Amino acid sequence: MKPVILSGIQPSGKINIGHYLGALKNWVLLQEQYECLFMVVDLHSITVRQDPKVLRERVLSFVALYLACGIDPDRSTIFIQSSVLEHAQLGWILNCHTGLGELQRMTQFKDKSSRQESVQAGLLNYPTLMAADILLYGTALVPVGEDQKQHLELTRDLAIRMNHLYGEDLFVVPEPFIPQVGARIMSLQQPERKMSKSDPLENASLNLLDSQSMIEKKCKSAVTDSGSVIRFDPANQPGVSNLLTIQSAISGVSINDLVSNYSGKMYGHLKVDTARIVNELLNPIRERYETLRSSEDELLELMAKHAIRARKKAGATLRRVQDALGFVPV
Ligand code: TRP
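Below or above, wherever it landed, is the structure these notes cover. (Residues numbered from 1 in each chain as written. Predicted model: local features only at pLDDT ≥ 70, side-chain atom pairs only at ≥ 80, totals over all residues. Heavy atoms only, no water.)

**A closer look at the overall build of the protein chain**
Put simply, the rule is: Put simply, DSSP H or I for four residues or longer makes a helix, DSSP E for two residues or longer makes a strand, and each gets a number counted from the N terminus. Atoms counted for the radius of gyration: C-alpha only. Globule rule: 2.2 Å times residue count to the power 0.38. Here the term buried applies to any residue with accessible area under 20% of the maximum for its type, exposed to any over 50%, and partly exposed to those in between, with areas from a 1.4 Å probe on protein chains only. As used throughout, the charge tally considers Lys and Arg to be positive and Asp and Glu to be negative, leaving His and the chain termini uncounted. Charge positions come from single atoms, namely NZ of Lys, CZ of Arg, CG of Asp or CD of Glu.
Tallying secondary structure elements over the protein chain gives 13 helices and five strands in all. In terms of overall size, the protein chain behaves like a compact globule, its C-alpha atoms giving a radius of gyration of 21 Å where 330 residues would be expected to give roughly 20 Å. Counting all 330 residues of the protein chain, 48% fall into the buried class. Across the protein chain, the 36 positively charged side chains and the 36 negatively charged ones have centroids separated by 2 Å.

Below, the structure written as structure tokens:
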């Protein structure tokens, strides 16, 4: 049996090339060696208010993008979190085994709650739901970014705690999986910040579904610096360095080789080339996406099939947990 890998992205904002190069591209490779489950975590996204119409469209669009990027539905399970009811069930049980202090200490909670006027309880309980996502499938490895490591640590604590209380083989204790090739892609407008789904600046992110001309426009208006030499120096030339990182992450050409090819050339060249390379990557993805998105019935059918697949596994784990806790089966 292959080890299980599980990960998910929140359907908020738009998927950008940072997500592709940092997560999706790796997910595609992982399918070869692992049993993979990839979710669109809509339950997590409603910890802040969402417009229902926008949410529905976004969830379907994210699923189609996963597929368009190369997640193979014959090998991996792709599902919408809310279709697998067991997540909320196990989430509740875990909430009843989690200290309030443990949740209040989470950096992401402190950060997000301090920026909101009213804070919903779901924002506090976010990590226990994430733990449920992971523990339901006997997940061995969880590919996550730096910002989610603390949540994974809590997941491990909860698994160990539950195992002590109810039986050592109840949960697999998961490990974080930090991919070897992971480029940190920065905002095109504020290159000292990560490219982010929630960035309100219009030209900051290269989104997977941007048109060819939008990519060109955004690359052209990327913030660089007042110098003129193309060098890889993230501290002093973050904008230029970011464009080099993007090119290298997509093409596989080393940054050193790129830099020597650019000797004597101007920032304009770098920008035009970056746009071209990004578009070469995105053209086939956009095409597959359009095909997938043009038949919603088929997409929904696939999601229904995969939800059943996921529920079979999640249901078996939940039943074991319920038995261990003394819940009477019907
Ligand atoms: N919290 C994760 C994020 O914001 C998303 C997520 C939810 C997740 N459940 C998960 C990631 C389970 C990995 C495994 O990035």
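**Details of the site of the ligand**
Basically, it comes down to this: Whether a residue is near a molecule or strand is decided by its heavy atoms; if any one of them lies within 4 Å of it, the residue is near. Counting of polar contacts relies on pairs of N or O atoms within 3.5 Å, with two restrictions inside protein: one atom must be capable of donating a hydrogen and the other of accepting it, and residues adjacent in sequence are counted only when both atoms are side-chain atoms. What sets the accessible areas is the Shrake-Rupley method with a 1.4 Å probe; for residues, cover comes only from the shown protein chains. In this classification, Asp, Glu, Lys and Arg are treated as charged, Ala, Val, Leu, Ile, Met, Phe, Trp, Tyr, Cys and Pro as nonpolar, and every other residue, Gly included, as polar.
The local shell around the ligand holds 14 residues, among which His44, Tyr126, Met130, Asp133 and Gln148 are the closest. At a separation of 2.7 Å, a nitrogen atom of the ligand approaches a polar side-chain atom of Tyr126. Take Gln148: an N or O atom from its side chain is 2.9 Å from a nitrogen atom of the ligand. Relative to its unbound accessible area of 360 Å², the ligand is 89% covered by the protein chains. At the level of secondary structure, the elements contributing two or more residues to the shell around the ligand comprise β1 (4–9) and α7 (121–135). In terms of residue class, the shell around the ligand is made up of eight nonpolar, five polar and one charged.

**What about the pattern of salt bridges?**
Inclusion rule: Should a side-chain nitrogen of Lys or Arg be within 4 Å of a carboxyl oxygen of Asp or Glu, the pair is scored as a salt bridge.
Under the counting rule described, the total for this entry stands at 16 salt bridges. Where Asp273 meets Arg276, a salt bridge forms, and the shortest distance between an N and an O atom there is 3.5 Å. You can see Asp273 and its partner Arg276 sitting in helix α12 (residues 267–294), three residues apart, about one turn around the helix. With a shortest N-O distance of 2.8 Å, Arg319 and Asp323 are connected by a salt bridge. Here Arg319 pairs with Asp323, and both are found in helix α13 (residues 296–325), just four residues apart, close to one helical turn. Since its relative accessible area comes to 27%, Arg319 is described here as partly exposed. Among the ionic contacts, a cluster of salt bridges with common partners joins Arg56, Glu57, Arg293 and Glu296.

**Some remarks on the nonpolar core**
Put simply, the rule is: Only buried Ala, Val, Leu, Ile, Met, Phe, Trp, Tyr and Cys residues count toward a nonpolar core, and they belong to the same one when joined by side-chain atoms within 4.5 Å. Any two residues whose heavy atoms approach within 4.5 Å at even a single point are treated as in contact.
In terms of nonpolar packing, the biggest core is built from 60 residues, with Ile17, Tyr66, Leu206, Leu208 and Ile246 touching the most fellow members. Ranked by residue count, the leading element in this core is helix α3 (residues 52–68), at 10 residues. If we skip the residues at most four places from it in the chain, Leu208 touches Ile15, Asn16, Ile17, Tyr20, Leu24, Leu65, Cys69, Leu282 and Arg286.

**Some words on α12**
We apply this condition: Multiplying 1.5 Å by the residue count of a helix minus one yields the expected span of that helix. Fitting axes to the seven residues ending at a residue and to the seven starting there, one defines the bend at that residue as the angle between these axes.
Across its 28 residues, α12 extends 39 Å between first and last C-alpha, which sits within 8% of the 40 Å expected from 1.5 Å per residue. The principal kink in α12, of about 35°, is found at Leu282, preceding the proline Pro284 by one to four residues.

**Quick look at the packing of helix α4 (residues 86–95) against α13**
What counts here: Orientation is described by axes fitted as lines to C-alpha atoms, over the contacting stretch for helices, and by angles from 0 to 180 degrees between their N-to-C directions. By definition in this entry, angles of less than 35 degrees are roughly parallel, angles greater than 145 are roughly antiparallel, angles of 65 to 115 are roughly perpendicular, and the rest are oblique. Crossing handedness: left-handed means the near helix sits turned counterclockwise from the far one by under a right angle, and right-handed means the same turn made clockwise.
Following both chains from N to C, one finds α4 and α13 inclined at 30°, their axes separated by 10 Å at the closest point. Taken together, the axis directions place α4 and α13 in an arrangement best described as roughly parallel. In terms of crossing hand, the pair formed by α4 and α13 is left-handed. Residues Glu86, Gln89, Leu90 and Ile93 of α4 form the contact with α13, whose participating residues are Arg311, Ala314, Gly315, Leu318, Val321, Gln322 and Leu325. Of the residues in the contact of α4 with α13, the class split is six nonpolar, three polar and two charged.

**Focus: the side chain of His97**
Within the secondary structure, His97 sits in the loop between α4 and α5 (100–104). Assessed through its relative accessible area of 16%, His97 is described here as buried. Within the structure, His97 has its side chain in polar contact with the backbone oxygen of Ile93 (distance 2.7 Å). Beyond its immediate chain neighbours, meaning those up to four positions away, His97 contacts Leu158, Arg161, Met162, Leu165, Tyr166 and Leu325.

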